[in-house]
Amino acid sequence: MIKEKNIVRWLLSGVPLLFLLLFFIAPSLIIVFTSFRFPGEFGGLAPLIAPMGTVDVEHGLTLEAYQFFFSDTLYVRVFIKSLQVAVVTTLICLIMSYPLALLIARSKERLRNIMLLLVVLPFASNFLIRIYAWVIILDPESALSYFINLILNLVGISPVIFLFSPFAVLLGMVYVHLPFMILPLYINLEKHDPILLDAAQDLGASHWKCFWYITWPLSISGVSSGIVLVFISALGMFAVPDILGGTGDILIGNLIKDQFISTRDWPFGAVLSIMLALTILLIIGLGAYFLRRLRKRNYAT
Amino acid sequence: MALLEIRGVTRCFGNFIAVNNISISIETGEFFTLLGPSGCGKTTLLRMIAGFDLPDSGQILLDGKDMVGMPSEKRPIHTVFQTYALFPHMTVSDNVAFPLKIAGEKLDEIRSRVIKTLDDVRLFNLGNRFPHELSGGQRQRVALARGLISRPRLLLLDEPLGALDLKLREEMQIELINLQKETGIAFVFVTHSQNEALTLSHRIVVMNQGGVEQIDTPSKIYNFPRNRFVADFLGKINIMDAQVLEIIPPYLRLIIPELGQVVIPNKEGVKIGDKGFMAIRPEQMRIMIYSEEVNSKNHFSGQIKSLLYAGDVTTYVVEFSNGTRVEILLPNSAPREIKRFEIGDLVVIVWESDVGLFLND
């Protein structure tokens with residue numbers, strides 16, 4: 001009986017397990033392996049073993065790509081800038097999403113469903129098309145730019161161009177990531193028992209204190225899921241800076257994409273990917289550690 | 001001056017009148033119970049006292065001051081909720097400390113008062129536990145401690161024992177009485193359980209369909225219910241149609257249709273010819289064997305139709321000649337004096353003239 005159950009369990013979970021093994025772990029290993037190789041003469045990878053009859057061709061394993069990464073502060077600077085953009089994007093998303101998620105969670109069911117539909121509706125159209133739509137909106141010739149500059153002109157400020165600027169990148173990043181913050185927050189906030197707020201208020205807490213002592217601490221798990229989802233995605237994003245950013249707005253995602261697609265230096269691209277993954281793991285790990293410490297201190301008064 | 005005075009309070013939800021022109025006053029140090037079937041308006045009234053809801057008309061005064069417009073967090077009134085509403089992310093200590101922390105008390109003061117209050121509700125070493133690590137009775141005590149710690153003028157308890165099993169409920173009843181006595185804080189207790197109301201309260205208000213049926217002490221409510229609803233709601237009672245035949249102070253002579261005449265205690269304001277009901281508790285009647293000689297004025301013959309044995313007592317259902325059924329409760333102790341009866345036995349039901357009640361409606 002128990003044995004049969006186990007077999008069924010393995011059969012059911014075996015397929016997704018195999019899928020993950022093949023298509024997540026294997027590519028990761030390939031990337032790690034790639035980072036220790038020489039780039040090919042015309043892009044891609046150099047051979048592991050020197051082909052017959054050639055003498056001077058680089059082959060075998062090397063730390064050259066890693067040396068290259070640490071030899072120039074440029075790459076670290078791009079990392080730091082990417083981190084800045086990701087942090088700011090995550091913060092803006094959090095600040096914008098929290099009140100909205102709270103509003104949705106506390107609305108009547110009909111209204112709640114309509115609002116949830118509106119939150120996920122952007123997914124119905126293609127990601128790239130939605131970003132290109134911002135190009136049209138932010139274009140210097142667009143109605144929006146025209147009106148904003150008209151007003152700026154009245155107060156005596158010279159015209160502003162929004163497109164291909166850090167501002168446009170941030171706007172696009174926030175726009176793209178909002179649903180990934182709203183949804184986990186909503187899922188958390190919707191589960192809160194409203195009687196807890198009644199109790200807090202009854203015991204003397206104002207609305208603001210009710211939020212600070214009850215709603216906010218109870219929502220921490222939702223907040224951290226939202227932060228993780230948005231932060232990781234924002235740190236690796238390349239499409240938004242590609243389309244909405246100027247030449248100076250290159251982020252780590254663009255750098256990696258360029259290494260594989262334009263420059264075709266695969267080992268260096270692999271090194272950049274590994275560094276990105278390590279950075280993310282480090283930050284998430286530190287975040288989880290401090291969150292746990294904070295919680296422990298809260299509980300032990 | 002009464003501690004809490006409810007003056008002509010009415011609350012409607014659409015066409016439904018939840019609370020209909022209710023006036024009650026509650027004194028300092030009183031254990032006051034709102035008793036009634038579900039939907040009688042007792043919870044709505046409680047919510048208005050707490051400040052979660054506002055009356056459509058009427059006033060609620062605390063120490064003579066109108067509380068309309070005073071939000072719930074400003075009222076010196078705390079509530080113990082039916083589901084306890086403990087904060088799941090806080091320890092027992094933090095839960096209990098909450099009202100003091102909100103009020104901005106000093107940390108040392110909070111700490112010593114939390115320890116004292118946890119002692120009062122017998123939760124000595126559980127301060128560091130989380131609510132989900134506690135039993136139902138312990139959670140109940142945390143909720144009580146949290147409600148009492150800042151010494152409110154009034155503690156509202158919304159069916160707080162409803163979720164506990166019978167044995168625990170009886171234990172908590174005793175603790176509630178003690179806690180109320182020790183703190184001297186007025187308790188307003190909401191329940192639909194007549195047993196709980198009778199055991200705990202100094203005074204009870206019996207509510208029905210948004211209105212007040214009777215406000216009195218437990219023994220007055222039980223022994224002298226004002227009308228048929230109160231008589232029926234509190235404990236078991238036998239009710240028969242009756243009409244006043246004669247007033248012979250201190251007695252009343254009634255006629256019960258198709259059965260005969262009975263003599264019961266007089267009641268103020270009753271006139272000859274009044275139609276109403278004769279009510280008598282199951283434990284106020286006796287059963288005698290048919291052939292025995294009967295001295296009592298009130299006696300009717302009947303037949304035992306069924307019996308319910310409950311350990312300490314047995315309830316007999318007896319049918320009179322006119323088809324009326326009554327319940328009679330006999331204790332099972334004192335075995336020599338009390339005879340046991342079987343289904344089908346022909347018996348005489350007897351009661352003295354100093355028991356029984358005439359109800360006008």
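Read on for a plain summary of the structure. Quantities reported herein were computed from a predicted structural model and do not represent experimental measurements.

What chain B contains, in helices and strands, is eight helices and 20 strands. Principal axes of the C-alpha set define a box for chain B whose edges measure 80 × 45 × 35 Å. Looking at chain B as a whole, 50% of its 361 residues qualify as buried. Partitioning the contacts of chain B with sequence separation of at least 6, the portion at a separation of at least 24 is 65%. For chain B, the accessible area works out to roughly 17,000 Å², and carbon and sulfur atoms hold 49% of it.

All names here are of chain A. Here R112 lies in helix α4 (residues 109-120). Assessed through its relative accessible area of 17%, R112 is described here as buried. With sequence-adjacent residues up to four places away left out, R112 is seen in contact with I104, A105, S107, Y186 and E190.

Residue and element names in this part refer to chain B. A full pass over the atoms with the stated rule returns 16 salt bridges over all chains. With its nearest N and O atoms 3.2 Å apart, the salt bridge here joins E5 to R7. The class of E5 is partly exposed, set by a relative accessible area of 26%. For R7, a relative accessible area of 39% translates into the label partly exposed. For the salt bridge of R286 with E352, the shortest nitrogen-to-oxygen distance reads 3.0 Å. One end of the pair, R286, is in strand β15 (residues 286-289); the other, E352, is in the loop between β19 (346-351) and β20 (357-359), and 66 residues separate them in sequence. Residue R286 is classed as partly exposed on the basis of its relative accessible area of 40%. When salt bridges with common partners are traced through the structure, they connect R11, D53 and D56 into a single cluster.

Let us now look at the interface of chain B and chain A. At the interface, 25 residues of chain B touch 19 residues of chain A. Of the roughly 2,200 Å² buried at the junction of chain B and chain A (both faces included), carbon and sulfur atoms supply 63%. Three residues, E73(B), H89(B) and I102(B), lead the burial of chain B against chain A; their summed loss comes to 31% of the area buried on that side. In this structure, the connection of chain B to chain A is made through zero salt bridges. There are four residue pairs in polar contact (both at pLDDT 80 or more) connecting chain B and chain A. Mapped onto the side of chain B that touches chain A, the elements with two or more residues apiece are α1 (42-50), β6 (77-80), α2 (92-102) and α4 (136-148) of chain B.

Residues and elements named next belong to chain B. Taken in spatial order, the five strands make up an open sheet running β13-β12-β11-β14-β20, and their pairing is antiparallel. Edge positions in the open sheet fall to β13 (260-265) and β20, since each of these has one partner strand only. Sheet twist, expressed as the mean angle between neighbouring strand axes with direction ignored, is 45°. Both strand β11 (residues 238-248) and strand β12 (residues 251-256) contribute to a ladder of five bridges, which runs antiparallel. Note that in β12 the partner of I248 across the bridge is Y251.

The subject of this paragraph is α1(B). All names here are of chain B. When you tally the buried positions in α1, you get seven out of nine residues, the bulk of the element. Residues of α1 that are buried include every one of K42, T44, L45, L46, M48, I49 and A50, and no others. G51, located one to two residues past α1, shows a positive phi value of around 100°.

To continue, consider a nonpolar patch on the surface. Side chains of L18(A), F19(A), L20(A), L21(A), L22(A), F23(A), F24(A), I25(A) and L29(A) sit close together on the surface and give an oily, nonpolar patch of about 980 Å² of accessible area. By the element assignment, F23(A) lies in helix α1 (residues 2-34).

Residues and elements named next belong to chain B. Read from one edge to the other, the open sheet built from four strands follows the order β2-β1-β4-β5, with strand pairing classed as antiparallel. Whereas interior strands pair on both sides, the edge strands pair on one side only; in this sheet they are β2 (16-26) and β5 (65-66). As judged from the five bridges shared by strand β1 (residues 4-13) and strand β4 (residues 57-62), these two strands associate in the antiparallel manner. From the neighbouring strand, R7 faces β4, where its bridge partner is Q59. On the sheet, α1 packs against β1, β2 and β4 and is oriented at approximately 120° with respect to β1.

To continue, consider the nonpolar core. Counting residues in hydrophobic clusters, the biggest one holds 42 residues, and the most contacted among them are L34(B) and L45(B). When residues of this core are assigned to their parent elements, the largest contribution, five residues, is made by α1(B). Residues in contact with L34(B), not counting those within four places in the same chain, are I24(B), K42(B), L45(B), L46(B), V188(B), F189(B), V190(B), T191(B), V205(B) and M207(B). With 37 residues, the next largest nonpolar core counts A168(A), V176(A), I243(A) and F268(A) among its residues.

Let us now look at helix α2 (residues 64-71) of chain A. All names here are of chain A. Within the span of α2, buried status applies to A65, Y66 and F69. Projection of α2 onto a plane perpendicular to its axis shows the buried side chains occupying an angular sector of 100°, all on one side. Opposite the buried face of α2, at more than 90 degrees from it, the exposed residues are Q67 and S71.

The relative placement of two packed helices comes down to the angle between their axes together with the axis-to-axis distance. Across the interface, helix α3 (residues 73-105) of chain A lies against α4(A) with an axial gap of 9 Å and an inter-helix angle of 145°. Listed contacts from α4(A) to L103(A), I104(A) and A105(A) of α3(A) are R112(A), M115(A), L116(A) and V119(A).

Sizing a probe to match a water molecule and rolling it over the atoms shows the empty space that remains. Residue and element names in this part refer to chain A. In this structure, the second largest pocket occupies an estimated 400 Å³ of space. Together, 16 residues line the second largest pocket, and S224, I227, V228, I283 and G287 are the ones closest to its centre. Of all elements in the fold, only α3, α10 (220-236) and α13 (266-299) reach the threshold of two or more residues within the lining of the second largest pocket. At six residues, the largest contribution of residues to the lining of the second largest pocket is made by α10.

With that settled, consider unusual backbone geometry. Residues and elements named next belong to chain B. Of note, the amide linkage connecting P249 to P250 takes the cis form, showing an omega dihedral of 0°. Here P250 shows up in the loop between β11 and β12. With a phi close to 50°, D63 is a non-glycine residue in the positive phi region. By the element assignment, D63 lies in the loop between β4 and β5. Phi angles above zero are rare outside glycine, and A85 is one such case at about 50°.

As a further point, take the state of the cysteines. Cysteine pairs can be covalently joined through their sulfur atoms, and such a bond is termed a disulfide. Residues and elements named next belong to chain B. Inspection of the entire model under this criterion finds zero disulfides over all chains. Cysteine C12 remains unbridged, with the sulfur of C40 as its closest cysteine sulfur at 16 Å. Here C12 falls in the partly exposed class, since its relative accessible area comes to 26%.

Conventions adopted
Residues numbered from 1 in each chain as written. Chains lettered and ligands numbered in written order. Predicted model: local features only at pLDDT ≥ 70, side-chain atom pairs only at ≥ 80, totals over all residues. Heavy atoms only, no water. Helix = DSSP H or I, 4+ residues; strand = E, 2+ residues; numbered from the N terminus. Buried < 20%, exposed > 50% of the residue type's maximum accessible area, 1.4 Å probe, protein only. Contact = heavy atoms within 4.5 Å. Areas by Shrake-Rupley, 256 points an atom, 1.4 Å probe, with all protein chains shown as cover. Salt bridge = Lys/Arg side-chain N within 4 Å of Asp/Glu carboxyl O. Buried area = accessible area lost by both parts, 1.4 Å probe. Polar contact = N/O pair within 3.5 Å; in protein donor to acceptor, adjacent residues only side chain to side chain. Pairing = 2+ DSSP bridges. Axes fitted to C-alpha atoms, helices over the stretch in contact; angles between N-to-C directions. Patch = residues over 30% accessible without salt bridge, like charges linked within 9 Å, V, L, I, M, F, W, Y side chains within 5 Å. Core = buried A, V, L, I, M, F, W, Y, C linked by side-chain atoms within 4.5 Å. Arc of directions from axis to C-beta. 1 Å grid on protein atoms, 1.4 Å probe; cavity = no way out; pocket = protein on both sides within 12 Å on 5 of 7 lines; lining within 4 Å. Points joined across faces, edges and corners; volume = space filled by probe spheres on them. Disulfide = S-S within 2.5 Å.

In short, shape yes, function no, at least from these values alone.
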